Amino acid sequence: MNAAALAQEELLNSIPFCRWMGIRVLQDDDGVILELPFAQKLIGNPLLPALHGGVIGALLETAALAQVVHELACAELPKPVDMAIDYLRSGRALASYARARIVKRGRRTVNVHAQMWQEDEARPIAALRGHVLLQR
Amino acid sequence: MVGVTPWFAAIGGEVVMARDGQAKARISWREDLIGDPKTGVIHGGVITSLLDQLCGAAVMSALNQPLPIATLDLRIDYLKPAAKGMAIVGEAECLKVTHEIAFVRGSAHNEADQEVIALCTAAFMLTRPEARTA
C-alpha cells in the first residue's frame, strides 16, 4: 500500500463506526478505494436481499470525508454540511466499493462527489454529492 | 415490516410509530456508532440510516396495500452534530403518493433537548403489481 492508502486506513481504523461496519482501504492506479465486505447485518430488504439505504449512505459519506481529509491534509475531521444521495441500482449481497473526488475546494467548504459500485465500477449502485466544512 | 430491517436493528434503531403517512423512530447512543473519536459525535451514516428507515416507514404507512419500495434519493442537511451520549429521535411525513413515486420529509433531533440535528427530503419508488395482458 502507498502512503495515501495507509493514511486513510489509519484514519478509518480510528473511527469506531467504520471499524464496526467493516470498511477496508484498497488502492488502484486511480487512487484510494474503500471496500465494504458483505455482511448479513447490512441488509435492509431481506426478501431481495438488498443493502440498506443507510449502509450505502454511510459508505459514500465515509469515502467523501476520508478523501477530503487525505487530499487537504486536514488535522481535524471536516463536518458534513449536506449530502444528496442518488440510489441508482439495488445494492446486492456482495462486496461494495466507493471512490470519492473533490470537485471544488473553497476556503471553508469543499464540494465532494463519491460513487459506489459492486462488480463493475462502470455500473454504479449509488452516487453522493455533498459539502463539508473544514475545521480550523 | 419496514420497522425491523436487519441493518436498523443492528445499529440499535427502532421504529416506534408508523401510521397514516407519519412515522417516528429512535436510536440510542452507542460507542460503536461514533464517527468522530475526538468528540464522540455519532457518524453521519447512522443519521442517514435513521432517516432512510423512517422515511420508508412513513411511505409504507401511507399506502393502502403493502408494496415493495426503494429509496430513489435522499438529501440531508446536517444542522448540528448529535450530542454525545444522547439518544436521537426522528420523525417523517409522507407528503404525497403518486402511482410510481412517494415524496417524504423528515427530521432528526436530540431526544433530551429536542434540538434539530438533521433535516431530509426523500423520494421513494413504488413497485405496484403489473397489469398483465393476455
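I will try to describe carefully the structure that is included in this document. Values in this document were obtained by computation on a predicted structure and should not be read as measured data. (Residues numbered from 1 in each chain as written. Chains lettered and ligands numbered in written order. Predicted model: local features only at pLDDT ≥ 70, side-chain atom pairs only at ≥ 80, totals over all residues. Heavy atoms only, no water.)

1. Some points on the sheet that holds strand S5 (residues 69–78) of chain B
For clarity, the cut-off: For two strands to be treated as a pair, DSSP must find no fewer than two bridges joining them. Elements are defined by DSSP. Helices are runs of H or I of four residues or more, strands are runs of E of two residues or more, and each kind is numbered from the N terminus. Axis lines are fitted through C-alpha atoms, for helices just across the contact stretch, and the angle between N-to-C directions can take any value from 0 to 180 degrees. The contact criterion used throughout is that any non-hydrogen atoms of two residues lie within 4.5 Å.
The antiparallel open sheet is built from 12 strands, whose spatial order is S1(A)-S2(A)-S6(A)-S7(A)-S8(A)-S5(A)-S5(B)-S8(B)-S7(B)-S6(B)-S2(B)-S1(B). Edge positions in the sheet fall to strand S1 (24–28) of chain A together with strand S1 (13–19) of chain B, since each has one partner strand and no second. In this sheet, neighbouring strand axes are inclined to one another by 25 degrees on average, regardless of whether the strands run parallel or antiparallel. Strands in contact with helix H3 (residues 53–71) of chain A are strand S2 (31–36), strand S5 (79–87), strand S6 (96–105), strand S7 (109–117) and strand S8 (126–133) of chain A together with S5 of chain B; relative to S6(A), the strand with the most contacts, it is inclined by about 50 degrees. Taken strand by strand, helix H2 (residues 44–62) of chain B contacts S5 of chain A together with S1, strand S2 (22–27), S5, strand S6 (88–97), strand S7 (101–110) and strand S8 (116–126) of chain B, and its axis lies near 40 degrees from that of S6(B).

2. Quick look at the nonpolar core
Applicable threshold: Take the buried Ala, Val, Leu, Ile, Met, Phe, Trp, Tyr and Cys residues and link them wherever side-chain atoms come within 4.5 Å; each set so joined is a nonpolar core. A 1.4 Å probe rolled over the protein chains alone gives each residue an accessible area, and that area as a share of the maximum for its type sets the label: buried under 20%, exposed over 50%, partly exposed in between.
Grouped together as the largest cluster of nonpolar side chains are 79 residues, with contacts concentrated most on Met116(A), Ile47(B) and Ile88(B). Leaving out residues up to four positions away in the same chain, Ile88(B) has contacts with Ala25(B), Arg26(B), Ile27(B), Ile42(B), Ile47(B), Leu50(B), Ala82(B), Ala108(B), His109(B), Glu111(B) and Ile117(B).

3. As for a positive patch on the surface
All names here are of chain A. Note the threshold: Patch building starts from residues that exceed 30% relative accessible area and form no salt bridge, then joins like charges within 9 Å and nonpolar side chains (Val, Leu, Ile, Met, Phe, Trp, Tyr) within 5 Å. Note that accessible areas follow from Shrake-Rupley with a 1.4 Å probe, and for residues the cover is restricted to the protein chains shown. Take a side-chain nitrogen of Lys or Arg and a carboxyl oxygen of Asp or Glu: if they are within 4 Å of each other, that pair is a salt bridge. The convention is simple: Lys and Arg are positive, Asp and Glu are negative, and His and the chain ends are not counted. To locate a charge, take NZ of a lysine, CZ of an arginine, CG of an aspartate or CD of a glutamate.
A cluster of basic side chains, namely Arg105, Arg107, Arg108 and Arg136, defines a positive patch on the protein surface. Residue position: Arg107 is located in the loop between S6 and S7. Accessibility expressed as a relative area gives 70% for Arg107, which makes it exposed.

4. A word on empty space enclosed by the protein
All names here are of chain A. Threshold: Only protein atoms enter the calculation, which uses a 1 Å grid: trapped sets of points that fit a 1.4 Å probe without letting it out are cavities, open sets showing protein on both sides within 12 Å along at least five of seven lines are pockets, and any residue with an atom within 4 Å of a point is a lining residue. Grid points are joined across faces, edges and corners, and a volume is the space filled by probe spheres set on the points. Residues are sorted three ways: Asp, Glu, Lys and Arg are charged, Ala, Val, Leu, Ile, Met, Phe, Trp, Tyr, Cys and Pro are nonpolar, and all the rest, Gly among them, are polar.
Evaluated as defined, the whole model comprises one cavity of 30 Å³ or more. In this model, the largest cavity occupies a volume close to 30 Å³. When residues of the lining of the largest cavity are traced back to their parent elements, those giving at least two are S2, H3 and S6. Per-class residue counts for the lining of the largest cavity are six nonpolar, two polar and one charged.

5. Things to note about the environment of Leu74(B)
Here Leu74(B) is to be found in strand S5. Judged by its relative accessible area of 0%, Leu74(B) falls in the buried class. Taking C-alpha positions, Leu74(B) is 12 Å from Ala102(B), a pair spaced 28 residues apart along the chain. Not counting chain neighbours up to four residues away, the residues in contact with Leu74(B) comprise Met83(A), Ala84(A), Ile85(A), Tyr87(A), Thr48(B), Asp52(B), Cys120(B), Thr121(B) and Ala122(B).

6. Topic: the side chain of Asp82(A)
Cut-off, in case you're wondering: Polar contact is defined as a pair of N or O atoms within 3.5 Å, subject to the rule that within protein one atom must be able to donate a hydrogen and the other to accept it, and that residues adjacent in sequence are counted only when both atoms are side-chain atoms.
Tracing the chain through its elements places Asp82(A) in strand S5. At 3.4 Å, the side chain of Asp82(A) and the side chain of Arg75(B) are in polar contact. The contact partners of Asp82(A), leaving out residues within four places of it in the chain, are Arg129(A), Gly130(A), His131(A), Arg75(B), Ile76(B), Asp77(B) and Tyr78(B).

7. So, the layout of surface pockets
Here the idea is plain: a probe the size of a water molecule rolls over the atoms and shows the empty space left. Estimated volume of the largest pocket: approximately 820 Å³. Forming the boundary of the largest pocket are 32 residues, of which Asn45(A), Leu48(A), Ile69(B), Ala70(B) and Thr71(B) lie nearest the centre. Of the residues that constitute the lining of the largest pocket, the class distribution is 19 nonpolar, 11 polar and two charged. One number sums up the size of the second largest pocket: a volume of about 510 Å³.

8. Points about the environment of Ile69(B)
All names here are of chain B. Residue placement: Ile69 occurs in strand S5. Ile69 sits in the partly exposed class, given a relative accessible area of 21%. For the pair formed by Ile69 and Thr127, sequence separation is 58 residues and the distance between their alpha carbons is 6.2 Å. If we ignore the near neighbours within four places in the chain, the residues touching Ile69 are Gly56, Val59, Met60, Leu63, Phe124, Met125 and Leu126.

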